[in-house]
Amino acid sequence: MYQASSTLQMTSQNTAQKVLGVMNIYEEEIAQQIELLRSKNFIEKALSNLNLDVSYFSKGKILNNELYSASPYNVEFRNITSSIYNTPIHISFPNRNSIHTSYSIENELFQKPIDINKWSVLEHVEIKIQINDFDRIVLQQDQFQHNPYFFKINNTDEELRKYYNKIQMKLLNAAAKTIQVTLSDENPQKAADIINAI
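Here the structure is a predicted model, which means the values were calculated and not measured. (Residues numbered from 1 in each chain as written. Predicted model: local features only at pLDDT ≥ 70, side-chain atom pairs only at ≥ 80, totals over all residues. Heavy atoms only, no water.)

*Asks:* Hey, could you run me through the overall build of the protein chain in this one?
*Replies:* The number of helices and strands found in the protein chain is six helices and 12 strands. Expressed as a percentage of its 198 residues, the buried residues of the protein chain come to 43%. Sequence-distant contacts, at least 24 apart, represent 59% of the contacts inside the protein chain between residues at least 6 apart. Carbon and sulfur atoms make up 43% of the accessible area of the protein chain, which amounts to about 11,100 Å² in all. (Helix = DSSP H or I, 4+ residues; strand = E, 2+ residues; numbered from the N terminus. Buried < 20%, exposed > 50% of the residue type's maximum accessible area, 1.4 Å probe, protein only. Contact = heavy atoms within 4.5 Å. Areas by Shrake-Rupley, 256 points an atom, 1.4 Å probe, with all protein chains shown as cover.)

Here you go:
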């Protein structure tokens, strides 16, 4: 588990004011400022520019690794049914032009080969996968030939609630109007990006 933290100094031009359109926040009590930063509305708007729709993973010898922005491929999706949210969709790359997909829902296995960089219809969602670094994919598949990668399509509302509950804020210095914001996450870059967004 990794922890990222940042110290915020509340001024008349702070992030919360810009995101929420609140005027004269500097004149408010420090406790009210903290509550404003901790509001779900502020957290949701602050994180809206981060890519939390899809989580990317690679298989490890002991634990799976969340790749986040370091994924060698990107996934787009549309026309999704809710039953596939948070379901691991395993993929392998037989060559540069095709992908094998597989996932299970309620003990039923769904498998389908698809083409790279083309919209493909699976049973519960349409996806398009673009490769960014095929050499890295080959290295990973040399170590794990069966399902070397998988991704999850997240329910954005649930993902925002998860991180809302993980973000901690505390007052450092009332006179200086400084607040410490911390977040612990399995991926250090994601933790840093979320803290920086706030």
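*Asks:* Even after reading the chapter, I still don't get the pairing of strand β6 (residues 98-105), so can you show me in this structure?
*Replies:* The buried fraction of β6 amounts to six of the eight residues, a majority that puts the element mostly inside the structure. Here strand β5 (residues 89-92) pairs with β6 via three bridges, running antiparallel. When the sheet's bridge partners are listed, Ser92 is paired in β6 with His100. Hairpin geometry of β5 and β6 is characterised by an intervening segment of five residues between the two adjacent antiparallel strands. Note that β6 and strand β7 (residues 108-115) share eight bridges and pair antiparallel. Bridge pairing in β7 links Ser104 to Leu109. Once β6 ends, the chain turns through two residues before running back antiparallel as β7, passing Glu106 with a positive phi of about 50 degrees. (Pairing = 2+ DSSP bridges.)

*Asks:* Just to check I follow, could you spell out unusual backbone geometry for this structure?
*Replies:* Across the chain, the bulk of peptide bonds are trans and the bulk of non-glycine residues have phi less than zero. Even without being glycine, Asn79 reaches a positive phi, approximately 50 degrees. Residue classification places Asn79 among the exposed residues on the basis of a relative accessible area of 56%. Look at Asn107: it is not a glycine, yet its phi comes out positive at around 65 degrees. Here Asn107 lies in the loop between β6 and β7.

*Asks:* I'm lost on the environment of Asp135 in this one. Help?
*Replies:* Tracing the sequence through the fold places Asp135 in helix α4 (residues 134-143). The exposed category is assigned to Asp135, whose relative accessible area is 53%. Spatially, the C-alpha atom of Asp135 lies 8.8 Å from that of Pro72, the residues being 63 residues apart in sequence.

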